[in-house]
Amino acid sequence: MHHWLRWARYEMVEVRFRRGRFRRRRSGRGDGRTMRWSKLFIPTLRDAPADAEAASHKLLVRGGFIRQLHAGHYSLLPLGLRVHDKVENIVRQGMEEIGAQEFLLPAMHPASIWQRSGRWGSVGPEMFRLQDRKEADLALGMTHEEVFTEIAREITSYRTLPQIWYQIQWKFRDEPRPKSGLLRVREFAMKDSYSFDLDDTGLDHAFETHRAAYLRIFERLSLDAIAVQASSGMMGGTGSVEFMVPSPAGEDDIARCVDGSYAANVERATSKLPPVDDGEARSELVRFPTPGVRTIAGLETVEGGAPAHRQIKTMVMVLDGAMTLALVRGDHQLNLQKLADGTGAADIRPAEPAETLERLGAHPGSLGAVGVEGLRIVADHALRGRYNLATGANTDDWHYSGVDIERDISVDEWLDLREVSAGEPCVNCGQPLEVVRCIETGHIFKLGRRYAEAMGASVLDADGVERPITMGSYGIGIGRAMAAVAEVHHDDRGLVWPAAVAPYGAVITVASMRDDRAVAAAEQVYRELQARGVEVLLDDRDARAGVKFADAELIGIPWRITAGRAAADGEVELTARATGDTRRVGISDAAAEVAALLADS
RNA sequence: CGGGACGUGGCGCAGCCAGGUAGCGCACCUGCUUUGGGAGCAGGGGGUCGCCGGUUCAAAUCCGGCCGUCCCGACCA
C-alpha cells in the first residue's frame, strides 16, 4: 500500500473518531468502500430454520445477521455485527455520560479468585470450568465482580472514591436451556459496570445514577423498558432492579399497576388482598374421610371441605437437602424464587412422592402440616391468623377441617411466598395489577460490602479508619438487547430497525441495473450520502426489483431510495420502512433529505 | 434435570411403517428470454442420510447404544 493511501485511511478513521459523540472501540468497520450489496456477504433466506420459534430468532437468521454454531453459541455475520456494535456504542455512550471508565478484563479467570469470594463453591454448574496443561483450575468468566474487586484493592483512600468502572466483555454461562436465538445463549457480550463507594449513601447514589442511565439507554434503543423490583439471585446483596421489555418472547413475568405506581417481578411482587371471612367462632379440629380427594378443587366440593381460599396448600420442598413444608392459601401459587429468597436456600426442588410418603405418611394430595414435628415449616403471610381451614391429614383419603393455623400448626417462619395474579389490587393505589411477560434486558444490584470484605478491598476514611468498599454491579446484555429490539420492531415483511441501531441508515435500490439513468442516479445519491457520513447500502445486484425490495424490507433498513423509472424525471423514490410511505424527491435533493431524516430520528 | 419432538445437500421438506437406483421446492452454476414486488425455459453441480455397533446378500429404512438440536417446565444479561 502506498504511504499516501495509508495516510488517507488514517485520516478517515480520525474524522470518524472526532465526529462521533463518543469513543468507538472499533473505528474502522465498514469504511464506505464495501457498501455495495453485490460485494457483501448478506445471506438472506426465504425460509426460517424449522427450529426457530421467536420472531427475532427467525428474522435475524433469515436476514443474514446471525448463524448458529451450536446450542447457545451464535456467529455474528457482518450485518449482525454492525447492529451489535451500534447497541454496544449506545450503551457505551450511556456509561460515559455518568463518568464510567472503560476497562477490558480477561474472559478467563483462575479458580483462586473465585475461591476467595466463595463463589467457586456456590455458583454450581452454570460456570464453565476447565484446566490448563498444568491441571490448574480455570473458569470462563460469567461475571466480573471478583476481577474488578481485585483491581479495586489498589484503591486505598476514600479520596479516590467514588469510582464507576465498566467493560463490554464476553460472558460464558452454561445455561441449562439456551433458546430463542440471541435471547438466551451461553456466550454473550455484556456491559458490566461496578460502582465503588465509601458507604451506603454513595451506593444509593451510584445505583440511582445507573437506573437513570439505563432508562436513557433503553429509550435510545427504542425499548420500552420497565424498571421493576427484582430478586437478587446469585449476586446476593441488598436490592436489585431489573429492566424489562414487554414481549411474548420473554421469560419473566412482571406485575405492574395500571397507573405505573408499582412494578415488580413476580418473584418479588406483592398485592393487597381483601381479608377473608373465616366465619363464626373457631371450631374444633376434625379429621374426616375424603375418599379419592387429591386436589384443592376436589376438597372444595366434598362434604366437610372448604372453598379454595379457606384451604391450606402444603408444598413439600427440599431446601439444600432438608425437607421443608411451604404453606400457601389453597387458591394461591407458591413462587419458588420467593421461597429461595425467604429461606436463603441455594438449591430447591419439590420432594419426590416417595420421600413425602416415607416422612409424612401420605402421597401428594393428602398432605398437611397439622401436628408435623421436626420439619421446618414456612407459611405465607396470607395464612396468618386464619382459622376454620381445611388441609390434608397426612393419610391418604383423609383431611382436616377446622384448622386454626396458629393453634394447630407450628409455623417456624412467616414469609412472602405466594405469586401475585393479574387483577389483584396494587399495594400502593388499590388499582388492579396486570401481569406482563417480559424480556430482561438489564439488571442492577446493590452488592454492599460482601465482595470487598471477601477480597480485601478497603480504604481509609477521613478519620483514618479502615472500611470495606461498598459496591454495586450493573449489567446489560448486548445481544439480548439487540434481539429485544428485533422482537419489538418487526412486521410480517421483516425487521424494522430503529435508525439508531440499523445496520445501515439507508439502502439505495436500483430497480434495474440495465437502466442507465437509474444506475447513474443511484451512484450520485450513493456518493452524496457517503459524503454526508450516512451509512448507505447500494443494492447494485443484477436481480429483479421484487427480490431487492423484499430483501431491503427483510433486513429492515429504515429508509429506501429507489432509483428506477422516476430517474427519467430526475427523481428517485423515498420509502420509509416503518410505514411504507413513499414520495418522490429530486435526485440531487435525496441525500440531504435522507441525512436530515436520519438526524431527526 | 423432568416431559415432548426431531436429526436426509446452504434453507424448508418427502422417502422410513412394507430394506434393493437417495428425491422435491428454494438457493447455487451455464445459456437464452424476462426486468418495479421473491421470473420462465433448457442444461448442470452439490448429500459420510447425526455417530457407533448389530441384523441382513443388501440398511436413510429394522434393532441397540451414544451424540446433537428444538419445544414445554425448574435457572439468568
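The structure presented is a predicted model; accordingly, all values stated were derived computationally and were not measured.

Quick notes on the overall build of chain A
Item 1. A tally of regular secondary structure across chain A gives 16 helices and 33 strands.
Item 2. Viewed in the frame of its principal axes, chain A has a C-alpha envelope of about 95 × 65 × 50 Å.
Item 3. Out of the 601 residues belonging to chain A, those deemed buried represent 51%.
Item 4. Split by element, the accessible area of chain A, about 27100 Å² in all, is 49% carbon and sulfur.

Quick word on the protein's contact with RNA strand B
Item 1. Near RNA strand B you find 52 residues, and of these R46, R184, R514, E553 and R565 are the closest.
Item 2. Per the 4 Å cut-off to the protein, sugar and phosphate atoms form 49% of the nearby atoms of RNA strand B.
Item 3. Residue R544 places a side-chain N or O atom 2.8 Å away from a base oxygen belonging to RNA strand B.
Item 4. Where the surface near RNA strand B is concerned, the elements lending two or more residues are β1 (66–70), β8 (187–197), α9 (336–343), β23 (433–448), α15 (545–555) and β31 (559–563).
Item 5. If you tally residues by element for the surface near RNA strand B, the top one is α15, at seven residues.

Observations concerning the packing of aromatic side chains
Item 1. Inspection of the entire model under this criterion finds 10 aromatic pairs.
Item 2. Pairing F103 with F148 gives two aromatic rings, centres 5.2 Å apart and planes at 65°, and the pair type is edge-to-face. Taken as a pair, F103 in the loop between β3 (101–102) and β4 (108–110) and F148 in helix α6 (residues 145–152) lie far apart in primary sequence, 45 residues in all.
Item 3. With relative accessibility at 0%, the residue F148 sits in the buried group.
Item 4. Arranged with centres 6.0 Å apart and planes meeting at 85°, the rings of Y214 and F218 form a pair that is edge-to-face. Of the two residues, Y214 and F218 are both situated in helix α7 (residues 200–220); the distance of four residues between them amounts to about one turn of the helix.
Item 5. Judged by relative accessible area, which is 0%, Y214 ranks as buried.
Item 6. The class for F218 is buried, based on a relative accessible area of 0%.
Item 7. Members of the aromatic cluster, joined through ring pairs, are F103, F148, W165, Y194 and F196.
Item 8. Directly above the aromatic system of Y504 lies the positively charged group of R82, at a separation of 4.1 Å from the ring centroid.
Item 9. Note that K446 overlies the ring of F207, its terminal NZ or CZ placed 5.0 Å from the centroid.

A closer look at the confidence of the model for chain A
Item 1. Taken residue by residue, chain A gives an average pLDDT of 90. The fraction at 70 or more is 93%.
Item 2. Across the whole predicted complex the pTM is 0.91, and at the interface the ipTM reaches 0.92.

Notes on the sheet that holds strand β5 (residues 129–131)
Item 1. One open sheet accounts for three strands, arranged β4-β6-β5; its pairing is antiparallel. In this open sheet, the two strands that pair with only one neighbour each are β4 and β5. Neighbour-to-neighbour, the strand axes of this sheet turn through a mean angle of 35°, independent of strand direction.
Item 2. Of the pairings in the sheet, the one linking β4 to strand β6 (residues 137–140) comprises three bridges and is antiparallel in character. Bridge pairing in β6 places P110 opposite L138.

Looking at empty space enclosed by the protein
Item 1. The full count for this structure, using the stated rule, is one cavity of 30 Å³ or more.
Item 2. The space that makes up the largest cavity amounts to roughly 100 Å³.
Item 3. In this structure, the largest cavity is lined by Y74, L76, H84, W170, L182, V185, E187, F188, A189 and G479.
Item 4. If you tally residues by element for the lining of the largest cavity, the top one is β8, at three residues.
Item 5. Split by residue class, the lining of the largest cavity holds seven nonpolar, two polar and one charged.

So, helix α16 (residues 587–600)
Because an α-helix packs 3.6 residues into every turn, residues spaced three or four apart end up facing the same way.
Item 1. Under the 1.5 Å per step criterion, the end-to-end length of α16 is 21 Å for 14 residues, consistent within 8% with the ideal 20 Å.
Item 2. On its buried face, α16 sits against β29 (506–510), α14 (516–531), β31, β32 (571–576) and β33 (582–586).

What to know about the packing of helix α3 (residues 78–97) against helix α13 (residues 478–488)
Item 1. The contact between α3 and α13 brings their axes to 9 Å, and the two run at 110°. In terms of orientation, α3 and α13 fall into the roughly perpendicular class. Counting all contacts with α3, which are made through G80, V83, H84, V87, E88 and V91, the residues of α13 involved are I478, G479, A481 and M482.
Item 2. Here the residues of the contact of α3 with α13 sort into six nonpolar, three polar and one charged.

Comments concerning the pattern of salt bridges
Item 1. A complete count under the given rule lists 39 salt bridges for this structure.
Item 2. Across the salt bridge formed by R119 and E146, the nearest N and O atoms sit 2.9 Å from each other. With a gap of 27 residues between them, R119 in helix α5 (residues 119–122) and E146 in helix α6 connect regions that are remote in the sequence. Each member of the pair, R119 as well as E146, carries the same accessibility label: buried.
Item 3. Residue R310 is joined to D278 by a salt bridge in which the shortest nitrogen-to-oxygen separation is 3.3 Å. Linking R310 in the loop between α8 (296–301) and β14 (312–319) with D278 in the loop between β12 (263–265) and β13 (286–289), this pair joins segments that are 32 residues apart in sequence.
Item 4. Judged by relative accessible area, R310 falls into the buried class, the value being 18%.

Looking at the side chain of H144
Item 1. Mapped onto the fold, H144 is located in the loop between β6 and α6.
Item 2. Among the polar contacts made by the side chain of H144, one reaches the main-chain carbonyl oxygen of P106 at a distance of 2.9 Å.
Item 3. Look past the residues within four positions of H144 in its chain and what remains in contact with it is L105, P106, A107, H109, Q167, Q169, K171, D192 and Y194.

Cut-off values and rules
Residues numbered from 1 in each chain as written. Chains lettered and ligands numbered in written order. Predicted model: local features only at pLDDT ≥ 70, side-chain atom pairs only at ≥ 80, totals over all residues. Heavy atoms only, no water. Helix = DSSP H or I, 4+ residues; strand = E, 2+ residues; numbered from the N terminus. Buried < 20%, exposed > 50% of the residue type's maximum accessible area, 1.4 Å probe, protein only. Areas by Shrake-Rupley, 256 points an atom, 1.4 Å probe, with all protein chains shown as cover. Near = heavy atom within 4 Å. Polar contact = N/O pair within 3.5 Å; in protein donor to acceptor, adjacent residues only side chain to side chain. Phe/Tyr/Trp six-rings, centres within 6.5 Å; stacked < 30°, edge-to-face > 60°. Lys NZ or Arg CZ within 6 Å of the ring centre and 35° of its normal. pLDDT = per-residue confidence, 0-100. Pairing = 2+ DSSP bridges. Axes fitted to C-alpha atoms, helices over the stretch in contact; angles between N-to-C directions. 1 Å grid on protein atoms, 1.4 Å probe; cavity = no way out; pocket = protein on both sides within 12 Å on 5 of 7 lines; lining within 4 Å. Points joined across faces, edges and corners; volume = space filled by probe spheres on them. Nonpolar A, V, L, I, M, F, W, Y, C, P; charged D, E, K, R; others polar. Expected span 1.5 Å × (residues − 1). Contact = heavy atoms within 4.5 Å. Parallel < 35°, antiparallel > 145°, perpendicular 65-115°, else oblique. Salt bridge = Lys/Arg side-chain N within 4 Å of Asp/Glu carboxyl O.

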